[in-house]
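Residues per chain are reported as follows:
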Amino acid sequence: MSAPERFERIGATRIVADPGALDGIEAPDGGHLLRLAPDDLLVLPPPDRVDVADPYALVEPEAGFSAAWFDRSELPRLQALSAWEFPRRRPAPAQGHLAGIPVKMLFDVGGVLVLVPATLAHHLEERLGSQDRLE
Amino acid sequence: MNEFIEAQVALGWEQNLRSSYDVVIVGGGGHGMSTAYHLATRHGITDVAVLERGYIGSGNSGRNTTIIRANYGIPEAVRFYQRSVDLYSRLEEETGRWIMHDRKGLLWLVHGTPGTRNERARSIVNQAFGADTVYVTPEEVGEICPEVDMNAGGGEYRVTGGSYSPHAATARHDRVVWALAEGAMKRGVHVHQRTAVTGLLKDGDRVTGVMTDRGPVTAGVTVSAVGGHVSTLAAMAGVRLPIRTHPLQAFVTNHYARTFRPIVASAEMGFYVSQTPRGEMLLGAGIDSQPSYSYRSSYEFLSHCSLPAVTLLPFLRDLTVLRQWTGVCDMSVDMSPIMGYTGVDGFLVTTGWGTWGFKGIPAGGEQMAELIATDRTPELIAPFSLNRFKEDRLMFDPGSTGTTH
Amino acid sequence: MIDFDGTPVPFEEGDTVLTAVLRAGLWPWSGCLCAEGDCPYCLVTLEGTSYVRACRTPASDGAKVHSHPTDGYPALPPPTRTPTPGSAVGFEMIHCDTVVIGQGRSGRAAAAEAGERGRRVVTLDARVGREAVGVYAGPEVVARIPDGMARIFCEEVVVATGSAEVQPVCPGNQLAGILTRRAAARLAAAGVDLGRVVSIGAPPEGVEHQPARGRLARFVGDGTVERVVTLDEETGAERTYPCDTAVVGLGSGPRDTLARMAHGLPGVRAVGSAAGSLDRPPVPEAGVVCPCSEVTVDDLRSVWDRGFQELELIKRSTLAGTGACQGAVCMPHVRSFVAAGGQELPPSFTARPVVTQITMGEAAAGWYHHADRRTALHDEHLAMGAVMERSRGWWRPWTYGDADREYWAVRSGVSICDVSTLGKTLVSGPDADAFLERIYPSTIAPIRPGRAKYVLVLDERGYVFDDGLVCREAANRFLLTSTSAGAGHFEMWLRDWADAWGMDVRILDRTTSWGAINVTGPRSGELLSRLGDGGRLPSFMGHTRMEVAGFACRVMRMSFTGEISYELHHPASRSEGLWRALMESGADFDVWPHGLEVLEELRLEKGHILVGVDSLSDSTPRRLGHGWAVRMDKGDFLGRHAVARTSRMDPDRLLVGLEMDGAPPPQGAILRVKGDYAGFVTSSTWSRVLGRSVMLAWMYARDGGFGGDILIEGRPARRVAAPFYDPEGLRVRA
Ligand SMILES: Cc1cc2nc3c(=O)[nH]c(=O)nc-3n(C[C@H](O)[C@H](O)[C@H](O)COP(=O)(O)OP(=O)(O)OC[C@H]3O[C@@H](n4cnc5c(N)ncnc54)[C@H](O)[C@@H]3O)c2cc1C
């Protein structure tokens, strides 16, 4: 039985721009890119600077997500709370509902980073925690 | 034999489908049957055929959760539904048939100040237009329904009050259809099951009857009373209706001793429940958000309806689910029915009954019959004519859009 | 030991409650037991849950079992106020390729075959406590498994549930001591002493019995079967067989409810006996057909003779098939009955979930209440003693305990309010201007960078469904605000229109990323100057970027409260710091937060509408008295046609401002003119600053006009033009 996860608000950069301009952006060292939509990119952690080849790009600090890291061994537990099947490729991004809460997930070899709207993070914490209690 | 076996109604089927009737009503649900019944009983018009593609009551009239109430949010609706509530309470006496009408009261609960204000407002407009809804405090809620957990969900859904409508009732859905069918048939109305309308007969712009899978039938007046399938039928007449069809689901538990009295609803939590005359607990919630004609039930529905129910009424937790089912509802954009003329000669509709039309069966049929007999729209349903969409007089009703139908 | 109605009953490893009770020499059930979960005869109440089948319940030590009432239905459980301890139900979602339901011969073969094809297979079988509950679209199979409930998502479902035995319908079929042949074999093998066994039809395997000859006529006995009577078809002679247990082998039919439930779903198929056909039973002549609803053959005849002549109508009029066994016992016989009336054997009626009767507690497992959102200041509000209310999908502070203090802090000092729930959306792009001109009914072009404009949001029907501000940040870049209620959909709605019109814009919802704190009151400027970075605060309806207490903010000067107000939009990660800095720095001004309750009073005094509270779903701008916010002299915009059309009609109702002496009438209070209904109040409050009640109300036209003396709750009300407070708006511009 693991302790209920604590989601922490994270810093990131959000870029909404012409899809072609987003294709050229590279992940910061040790960081991640999460393409939320063809014209919508999340960069973790926030890079010092980004160059986007779109004069109209919206490049904004993103403070709307909380995140927690789950070790690979916890994947079955998370999968059991999701009506869609996790991707098997690594690395792999995914978006959908986890325990009824909208999340974005970044799967890596060692586990998965789960991002949740900070306004809903307490629900996800509770729901993952209450599942522990049932086991 | 159990006491609930229908032991009275005798349905006198007419085998012969005539080629012409004064009035053809498409759809053998509650509204079609009630219109026929009232034509025969109130106006002596009996050269009438009701055409039903399945068996009578096979649509929503035989699938609904049978709540009869007048606690609506706008004067026009309160007046109309109160008329229906009154007719319902006399229907057993009038037809001599047991429809299991039971006036049990409806408790509509809220969980916060905004909701409390809304329920006060509801009780005001109800009382002003003839429905006996009152605002109730949490203490009064506890007296009316001791089963309610006032601190539901550990306080997250604490009950802050509600409205109570003593007039609210339930009745056995099938029996309403049968009692009306019998009454109509007895007076000479033809009811034809397994007779599907496949097209409309037209003379220029005028509708002159229907094409069925058993041949053409001409009619002085054709009335569409086909429930969730109205868009296709109206399209045949060249009428576009502001209707979208959405599934609505329900479920019952097994049978238990009948001790749970009122109908209990929480729109904020998203469910309602009552106990049927036979002792099943009957539960429902809001419509499926996706428009569809599918009659398939979903497990999601069972879950999302059960959770608030067991939270607010913890005793439900250990009851066993017996059966779930689905109907498809003709949802009008303003959540109010559409009755009467369509702008196409010879073609009338009674539709937009959505998730709330069972309670409207007696008054809906009564008023449609009067319209057909007198060729004038009665005052009670004038606000609900199709014209309102052209004239920007919509009947948006906050009292109708809740979870309880 | 299990406790059966107070009697201790021993059990052996592998026993069900049924076998244990029968082995103990008790036979508390009437009717022909099938011991396979099909019939409704062995129902018990287990630990407070009724309608549990004894044949499907493993015996366990200390289990409290009560027999099902023979007269009437079980009582509803008492109204427990707290959940039963240990009642939490496990839940999981499982993903696989193939679900095989039933692990008999054909089920095992199907599972093996799918395994060989490399499919991930999940098997279910009620006999090992893995019971399918229903097959749903997806396909999705819901099951009750030992750990709780499971929703299994897959590509194919194989229904291999075998066959169910046909039950006897004849007089005496409700006596105790009757078994199907498979039940007899199973119980005898488990060591149940069946005494003298007489068998009718196909004989039970491995059970010593006396075969009865002829066709089953009736069972005779007093409570328990004592004799079986058969009829010789040729001679018409009756034969009587004394017995302790009667065993019937009348054939079987497919146990195909799950397959029929899935009818038409791709990927679902039945195999083995579940795909077989029914051994059609003879037309029933007498006796109980449907034990759940106590329907006899006479009842069937009675409704048939009165015109109920098809399967569904018979079911609905007699209630046959609507009880706990969902027609498993009666349907073959009722179908046979209908066929005797000159029709073909009708198909079974629609199969509906559920096939395994889970509790509502189990059905609720894995589901959650609506997830209401919290702002970044949630804990801060709680720490200050706020009473929170759920408001349009958010938890918001309603009051901090002293409405008077909250109110006067705004009107005469400075107050802060968490308005993080406001919708906030950035739009940029070469088409940004053109896009917004088409979205909004106001002109966008005149808005200069650093300036803002109040706008309505209309749908295609010309009805107001939201309102907010358009703030121009630069030539092709805007910040849009919308109400808390609309925040969740606004970005999606904008994107839909941008797509539909092929507009080249970028759209980004900032609602959760940015917190927003409104600093309001005559001293708000002073407080902000103190905390600001030396930059100039914007003038009314202006906005700028500056640091406040070291936090980067977009500062927007507008007003909802009627006092000078600065909305500080900032990264939500900084909300707490900013909130505290404002509280600390404003201590000498007695800064104090206000909640929604007071905010609604403040805005009402200013006559500001709350969309969704004061507006109805068909509120045109004109009806709301907001015609000024629509410019018909600009190009096309959403709702323009509808507005043009409805403007040509006589107005039928208006949202009006009213005031009266004495206490405010409640929301919903009715306006009467000359005794007639003339509308209703949408918002009302006692105005602390004006010393009278003010309200907004819908007023209906009478005789084409809006005149006449208005009474509300019998008291006179006066029509006044809103705003009620500071009508010239001097305070907000100061
Ligand atoms: C789950 C559920 C719960 C509900 N709960 C409530 C409630 O609690 N209270 C309430 O007041 N209302 C409730 N309703 C709504 C109510 O059931 C309906 O509004 C009402 O029954 C409508 O009656 P109707 O006669 O218009 O339609 P229906 O009863 O649907 O009848 C229409 C008939 O037309 C037939 N038909 C269709 N097309 C053709 C054709 N081409 N030719 C011939 N016949 C055709 C159909 O077979 C059907 O029998 C609920 C509905 C559902 C689905």
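Thresholds applied
- Residues numbered from 1 in each chain as written.
- Chains lettered and ligands numbered in written order.
- Predicted model: local features only at pLDDT ≥ 70, side-chain atom pairs only at ≥ 80, totals over all residues.
- Heavy atoms only, no water.
- Helix = DSSP H or I, 4+ residues; strand = E, 2+ residues; numbered from the N terminus.
- Buried < 20%, exposed > 50% of the residue type's maximum accessible area, 1.4 Å probe, protein only.
- Contact = heavy atoms within 4.5 Å.
- Buried area = accessible area lost by both parts, 1.4 Å probe.
- Salt bridge = Lys/Arg side-chain N within 4 Å of Asp/Glu carboxyl O.
- Polar contact = N/O pair within 3.5 Å; in protein donor to acceptor, adjacent residues only side chain to side chain.
- Pairing = 2+ DSSP bridges.
- Axes fitted to C-alpha atoms, helices over the stretch in contact; angles between N-to-C directions.
- Nonpolar A, V, L, I, M, F, W, Y, C, P; charged D, E, K, R; others polar.
- Domains from an automatic or database assignment.
- Near = heavy atom within 4 Å.
- Areas by Shrake-Rupley, 256 points an atom, 1.4 Å probe, with all protein chains shown as cover.
- Parallel < 35°, antiparallel > 145°, perpendicular 65-115°, else oblique.
- Left-handed = near helix turned anticlockwise from the far one by under 90°.
- Phe/Tyr/Trp six-rings, centres within 6.5 Å; stacked < 30°, edge-to-face > 60°.
- Lys NZ or Arg CZ within 6 Å of the ring centre and 35° of its normal.

Some details on unusual backbone geometry
With omega at -20°, the peptide bond leading from A:Leu44 into A:Pro45 counts as cis. Tracing the backbone through its elements, the reader meets A:Pro45 in the loop between β4 (40–44) and β5 (58–62). Of note, the amide linkage connecting C:Pro353 to C:Val354 takes the cis form, showing an omega dihedral of 10°. Phi at C:Leu319 takes a positive value of approximately 75°, unusual for a residue other than glycine. Looking at where C:Leu319 falls in the secondary structure, it is placed in the loop between α6 (311–318) and α7 (331–340). For C:Leu319, a relative accessible area of 3% puts it in the buried group.

A short note on the interface of chain A and chain C
Across the contact, 32 residues belong to chain A and 35 residues belong to chain C. For the pair chain A and chain C, the summed buried area comes to about 2,800 Å², and 56% of that belongs to carbon and sulfur atoms. The largest contributions to the chain A side of the interface with chain C come from A:Tyr56, A:Leu58 and A:Thr119, which together make up 23% of the buried area. The interface formed by chain A and chain C holds six salt bridges in total. At the junction of chain A with chain C, the criterion picks out 17 residue pairs in polar contact (both at pLDDT 80 or more).

Concerning the sheet that holds strand β15 (residues 178–180) of chain C
All names here are of chain C. Within the open sheet, the five strands sit side by side as β3-β15-β21-β16-β17. Their pairing is parallel. In the strand order of this sheet, the two ends are held by β3 (32–33) and β17 (210–212), each with one partner. In the sheet, strand β16 (residues 197–201) pairs with β17 via three bridges, with the strands oriented parallel. What sits directly across from Val198, in β17, is Gln210. Contacts from helix α3 (residues 181–189) reach β3, β15 and β21 (245–249) within the one sheet, and its direction differs from that of β15 by about 100°.

Regarding the pairing of strand β36 (residues 551–558) of chain C
All names here are of chain C. Here β36 lies mainly inside the structure; seven of its eight residues are buried. Judged from the seven bridges that link them, strand β35 (residues 542–548) and β36 form a sheet pairing that is antiparallel. Within the sheet, the bridge partner assigned to Arg545 lies in β36 and is Arg554. Taken together, β35 and the strand that follows it, β36, pair antiparallel across an intervening segment of two residues, in which Ala549 is found at a positive phi of about 50°. Summarising the sheet, β36 and strand β37 (residues 565–571) pair through five bridges and their orientation is antiparallel. Note that in β37 the partner of Met556 across the bridge is Glu567. Where β36 folds back onto β37 in an antiparallel hairpin, the turn is made up of six residues, including Gly562, whose phi is positive at roughly 95°.

Section: the arrangement of the chains
Contacts are most numerous between chains B and C, considering all two pairs of chains that are in contact. Without any contact between them, chain A and chain B keep their closest C-alpha atoms 11 Å apart.

Topic: the side chain of C:Glu491
Residues and elements named next belong to chain C. Turning to its location among the elements, Glu491 is positioned in helix α12 (residues 487–501). Glu491 sits in the buried class, given a relative accessible area of 17%. Those residues in contact with Glu491 that lie beyond four places of it in its chain are Ile507, Leu508 and Asp509.

What to know about the interface of chain C and chain B
Across the contact, 87 residues belong to chain C and 90 residues belong to chain B. A buried area of about 7,400 Å², summed over both sides, lies between chain C and chain B, and 55% of it is on carbon and sulfur atoms. Note that B:Asp174 is salt-bridged to C:Arg316, the shortest N-O span being 2.7 Å. At the boundary of chain C and chain B, one finds 36 residue pairs in polar contact (both at pLDDT 80 or more). Here the residues of the side of chain C that touches chain B sort into 39 nonpolar, 26 polar and 22 charged.

So, the domain arrangement of chain B
All names here are of chain B. As assigned here, chain B comprises domain 1 (20–64 + 188–243 + 338–389) and domain 2 (77–172 + 244–332). For domain 1 and domain 2, the distance between their C-alpha centres works out to 29 Å. Facing 32 residues of domain 1, the contacting portion of domain 2 comprises 25 residues. Carbon and sulfur atoms make up 60% of the area that domain 1 and domain 2 hide from each other, which totals about 2,600 Å². For the domain 1 face of the interface with domain 2, the top three residues by lost area are Arg63, Ile243 and Pro362, together amounting to 19%. One can count two salt bridges joining domain 1 with domain 2. Residue Glu94 pairs with Arg42 through a salt bridge whose shortest N-O separation is 2.9 Å. Where domain 1 meets domain 2, there are 15 residue pairs in polar contact (both at pLDDT 80 or more). Those elements that provide at least two residues to the side of domain 1 that touches domain 2 are α1 (30–43), α6 (230–236), β20 (338–341) and α8 (361–374).

A look at the site of the ligand
Residues and elements named next belong to chain B. Neighbouring residues of the ligand: 39 residues in total, closest Glu52, Asn60, Ser61, Thr65 and Lys359. Asn60 is positioned such that a nitrogen or oxygen atom in its backbone is 2.8 Å from an oxygen atom of the ligand. One of the backbone N or O atoms of Gly357 is found 3.0 Å from an oxygen atom in the ligand. When the ligand sits alone it has 1,000 Å² of accessible area, and the protein chains cover 97% of it. Where the shell around the ligand is concerned, the elements lending two or more residues are α1, β15 (243–255) and β19 (321–332). Considering every element that reaches the shell around the ligand, the biggest residue donor is β15, with three residues. Split by domain, the residues of the shell around the ligand number at least three in each of domain 1 (20–64 + 188–243 + 338–389) and domain 2 (77–172 + 244–332).

Quick look at the packing of helix α13 (residues 524–531) of chain C against helix α14 (residues 575–585) of chain C
Residue and element names in this part refer to chain C. Their axes nearest at 10 Å, the elements α13 and α14 cross at an angle of 115°. By the criterion of interaxial angle, the relationship of α13 to α14 is roughly perpendicular. Considering the relative orientation of α13 and α14, their crossing is right-handed. Residues Leu527, Leu528, Arg530 and Leu531 of α13 form the contact with α14, whose own contacting residues are Ala581, Leu582 and Ser585.

As for the environment of C:Gly635
With respect to the helices and strands, the residue C:Gly635 is situated in the loop between α15 (596–605) and α16 (640–647). The exposure class assigned to C:Gly635 is partly exposed, which follows from its relative accessible area of 47%.

A short note on the pattern of salt bridges
Oppositely charged side chains can pair when the atoms bearing their charge come close. Enumeration over the complete set of coordinates arrives at 85 salt bridges over all chains. Note that C:Glu310 is salt-bridged to B:Arg194, the shortest N-O span being 2.2 Å. In this pair, C:Glu310 is assigned in the loop between α5 (297–305) and α6 and B:Arg194 in the loop between β11 (190–192) and β12 (197–203), connecting two distinct chains. Classification of C:Glu310 as buried rests on a relative accessible area of 14%. Across the pair C:Arg255 and C:Asp38 runs a salt bridge, and its minimum N-O distance is 2.7 Å. Of this pair, C:Arg255 sits in the loop between β22 (252–254) and α4 (257–261) while C:Asp38 sits in the loop between β3 and β4 (43–46); the two residues are 217 residues apart in sequence, bridging distant segments of the chain. The class of C:Arg255 is partly exposed, set by a relative accessible area of 21%. Note on C:Asp38: relative accessible area 14%, which makes it buried.

What to know about the sheet that holds strand β8 (residues 98–101) of chain C
Residue and element names in this part refer to chain C. Taken together, four strands build an open sheet; the order of strands is β9-β8-β13-β23 and the sheet is parallel. Of all strands in the sheet, those bounded by a partner on one side alone are β9 (121–124) and β23 (268–270). Neighbouring strand axes in the sheet, compared pairwise and without regard to direction, differ in orientation by 15° on average. Here three bridges tie strand β13 (residues 156–159) to β23, and the two strands are oriented parallel to one another.

Let's talk about the pairing of strand β7 (residues 92–98) of chain A
Residue and element names in this part refer to chain A. Here β7 runs beside strand β8 (residues 101–108); their pairing, made up of seven bridges, is antiparallel. Among the inter-strand pairings, His97 is bridged to a residue of β8, identified as Pro102. Counted between consecutive antiparallel strands, the loop separating β7 from β8 contains two residues, among which Ala99 sits at a positive phi close to 50°.

A few points about the packing of aromatic side chains
Counted by the stated rule, this structure contains 24 aromatic pairs over all chains. Centroid distance C:Phe435 to C:Trp501: 6.0 Å. Interplanar angle 65°. Geometry classified as edge-to-face. Of the two residues, C:Phe435 is situated in helix α11 (residues 432–439) and C:Trp501 in helix α12; the sequence distance between them amounts to 66 residues. Both residues of the pair, C:Phe435 and C:Trp501, belong to the buried class. Ring pairing ties together the aromatic residues B:Tyr72, B:Phe80, B:Tyr81, B:Trp353 and B:Phe384, which thus form one cluster. Directly above the ring of B:Tyr81 sits B:Lys359, whose terminal nitrogen or CZ lies 5.8 Å from the centroid. The ring of C:Trp698 has C:Arg653 lying over it, and the distance from NZ or CZ to the ring centre is 5.7 Å.

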